[in-house]
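Each chain is listed here by its residues.
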Amino acid sequence: MIARGIVLFALWSVTGPLAAVPLWSLQSADGSSTVMLLGSVHVLRDEDQPLPEAVRAAYLRADRVVMELDPRELEPAAAALVLQRVGTVSPGGSVGELLSAEEWRRAEAHASAAGLELGPVAAAEPWFATLVLQTAALARAGYEPARGVDLQVAGWAARDGKPVTGLETLEAQLRLFKDLDAETQREVFLRTLEELPSLEAETAELVARWRAGDIDALERQLERDFDGIEHLYTRIVSGRNRAWLPGITALLAQDGTSLVVVGALHLVGPEGVPALLARCLPGVQISIISKSSLPAPQSGQRQLSGTSSHFVPGARPPSGSPAASSYTNPQMTHIQAFINDPPRR
């Protein structure tokens with residue numbers, strides 16, 4: 001399902017005990033540097049709190065944090081400037097202009113069933129309207145970025161004075177969608193509207209399965225998300241994974257422990273970050289961290305106490321469809337402010 005992609009769940013099916021969250025460890029050859037890869041869920045509800053202990057334990061061991069976006073880019077003033085620049089509507093490219101009268105009627109019905117209105121996004125391009133409506137629907141269901149993994153970790157780091165940097169820019173994330181051709185944008189918009197009424201229930205189910213570590217059930221659901229739009233996987237997921245590799249591998253040259261926090265979808269499958277790193281860094285030990293090897297640390301502890309012996313393979317045998325959900329929404333905490341005032345020409 002397209003709309004589920006904002007939540008960004010994915011776990012890799014491997015043998016042995018799993019952490020409560022997707023969590024990998026990279027160890028430099030001389031043992032002086034460790035990079036932890038933490039799969040995040042960008043938006044969660046009050047009832048999804050507190051975060052799994054493994055998230056806090058990994059953070060406490062980190063000397064520095066690297067995220068998809070530098071949190072400073074998500075400050076309202078900075079984000080507004082980017083959205084006004086990237087969100088400018090091309091002539092003839094708004095939702096209201098691209099949809100036929102019948103498509104608009106169907107879209108309005110789907111939006112109404114989800115408690116939303118299309119009017120405020122009629123003048124926006126389909127990619128932007130999609131993000132606005134997804135975010136609004138999830139917010140109505142109680143899912144907020146402030147309760148998600150990313151902003152909580154960023155808040156801890158700000159309080160503790162740990163450095164935080166980003167792997168990419170907000171503008172680069174938005175242009176992944178802005179630069180899609182009009183027909184693809186239109187298709188994704190219409191599919192998203194069809195799925196909005198069931199978004200709350202299906203997201204809650206995914207969160208429950210994520211917490212329970214039900215790998216098989218998650219993969220069966222997530223494999224369906226790219227059906228018919230497989231080309232978006234390369235653009236939105238695997239292409240970004242490859243673009244992040246230089247920044248992640250550079251962390252192995254720094255002493256101590258680095259925590260990389262990205263949407264969990266980016267850690268899955270033969271094109272996931274762990275598998276790509278295993279292929280390009282054959283001398284680096286990459287292993288999934290088990291529950292038993294990541295106990296809650298005492299104050300001041302920073303060293304990783306150990307990893308499981310189950311190594312991430314360089315590739316996974318193909319199953320006939322991608323083992324991942326679609327990703328049609330970047331990590332954004334500021335879309336709500338634009339629901340009633342989308343960018344104009």
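Calculation rules
Sequence order as written defines residue numbering, which begins from 1 separately in each chain. Since the coordinates come from a predicted model, pLDDT governs what is reported: local features require at least 70, and pairs of side-chain atoms require 80 or more to be given and counted, while whole-chain, interface and lining totals use all residues. Side-chain metrics rest on all non-hydrogen atoms present in the structure, leaving aside hydrogens and water. Helix numbers and strand numbers start at the N terminus; a helix is a DSSP run of H or I with at least 4 residues, a strand a run of E with at least 2. Per-residue accessibility, obtained with a 1.4 Å probe over protein chains only, is compared with the maximum for each type, and a residue is labelled buried under 20%, exposed over 50%, and partly exposed between these values. Pairs of residues are marked as contacts when any of their non-hydrogen atoms sit within 4.5 Å. Accessible surface is estimated by sampling points in the Shrake-Rupley manner with a 1.4 Å probe; for residues, cover comes only from the protein chains shown. Here, a strand pair is defined by DSSP locating no fewer than two bridges between the strands. Helix axes are fitted only over the stretch in contact, all axes being lines through C-alpha atoms; the angle between N-to-C directions runs from 0 to 180 degrees. Just to be clear on terms, a salt bridge is a Lys or Arg side-chain nitrogen sitting within 4 Å of an Asp or Glu carboxyl oxygen. Ring pairs shown here join Phe, Tyr and Trp side chains whose ring centres sit within 6.5 Å, with only the six-membered ring taken for Trp; geometry is labelled stacked below 30 degrees between planes, edge-to-face above 60, and tilted in between. Two conditions define a charge sitting above a ring: the NZ of Lys or the CZ of Arg must be within 6 Å of the ring centre, and it must be within 35 degrees of the ring normal. Angles are sorted into four bins: roughly parallel if under 35 degrees, roughly antiparallel if over 145, roughly perpendicular if 65 to 115, and oblique for all others. By the definition used in this description, the sense in which the near helix is turned from the far one sets the handedness, with an anticlockwise turn below a right angle giving left-handed and a clockwise turn giving right-handed.

Explain the overall build of the protein to me, please; I cannot follow it from the model alone.
Summing up its helical and strand segments, the protein has 12 helices and 6 strands in all. Out of the 345 residues belonging to the protein, those deemed buried represent 55%. Pairs at least 24 apart in sequence give 85% of the contacts found in the protein among residues at least 6 apart. Of the roughly 13500 Å² of accessible surface on the protein, 52% is carried by carbon and sulfur atoms.

Any chance you could explain the sheet that holds strand β5 (residues 256–263) here in plain terms?
One key point about sheets: their strands pair by backbone hydrogen bonds, in either a parallel or an antiparallel sense. Pairing is mixed across the open sheet formed by 6 strands, whose spatial order is β4-β3-β5-β2-β1-β6. Two strands in the sheet have a free side with no partner beyond their single neighbour: β4 (164–168) and β6 (285–288). Each adjacent strand pair in this sheet contributes to an overall mean axis angle of 25 degrees, direction not counted. Taken together, the 5 bridges between strand β1 (residues 23–27) and strand β2 (residues 33–40) define a ladder with antiparallel strand orientation. Bridging from a neighbouring strand, L26 pairs with V35 of β2.

Hey, could you run me through the pattern of salt bridges in this one?
Note that side chains of opposite charge can pair when their charged atoms are close. Taken as a whole and assessed by the stated rule, the structure comprises 18 salt bridges. Salt bridges sharing partners connect three or more residues here, namely R85, E171, R175 and D179.

Where do I start with the pairing of β1 in this structure?
Note on strand geometry: in a regular strand, side chains alternate between the two faces of the sheet. Counting buried residues along β1, 4 of its 5 residues qualify, which places the element largely inside the surrounding structure. Taken together, β1 and the strand that follows it, β2, pair antiparallel across an intervening segment of 5 residues, in which G31 is found at a positive phi of about 75 degrees.

I tried to follow the environment of L37 on my own but got confused; where do I start?
Along the chain, the position of L37 falls in strand β2. In contact with L37, other than residues within four places in its own chain, are P22, L23, W24, L26, I248, V260, L267, V273, P274 and L277.

Honestly, the packing of aromatic side chains in this entry has me stumped. Any pointers?
Here the distance between the centres and the angle between the planes together describe a pair of aromatic rings. Counted according to the given criterion, the structure contains 2 aromatic pairs. Centre to centre, the rings of Y59 and W156 are 5.3 Å apart; their planes meet at 55 degrees, and the pair counts as tilted. Remark: W156 occurs in helix α6 (residues 149–160) and Y59 occurs in helix α1 (residues 53–61); sequence separation between them is 97 residues. In this arrangement the basic side chain of R56 is found over the ring face of W156, its NZ or CZ atom lying 4.6 Å from the centre. Above the plane of the ring of Y59 lies K162, whose end atom (NZ or CZ) is 3.8 Å from the centre.

Explanation requested: the packing of helix α11 (residues 231–250) against helix α12 (residues 273–280) in the structure shown.
Each packed pair of helices is defined by two parameters, the angle between the axes and the distance between the axes. Look at α11 against α12: their axes get within 10 Å of each other, and the N-to-C directions meet at 60 degrees. It follows that α11 is oblique to α12 by the angle criterion. Regarding α11 and α12, the two cross each other, and that crossing is right-handed. Facing N241, R242, W244, L245, I248 and T249 of α11, the residues of α12 in contact are V273, L276, L277, R279 and C280.

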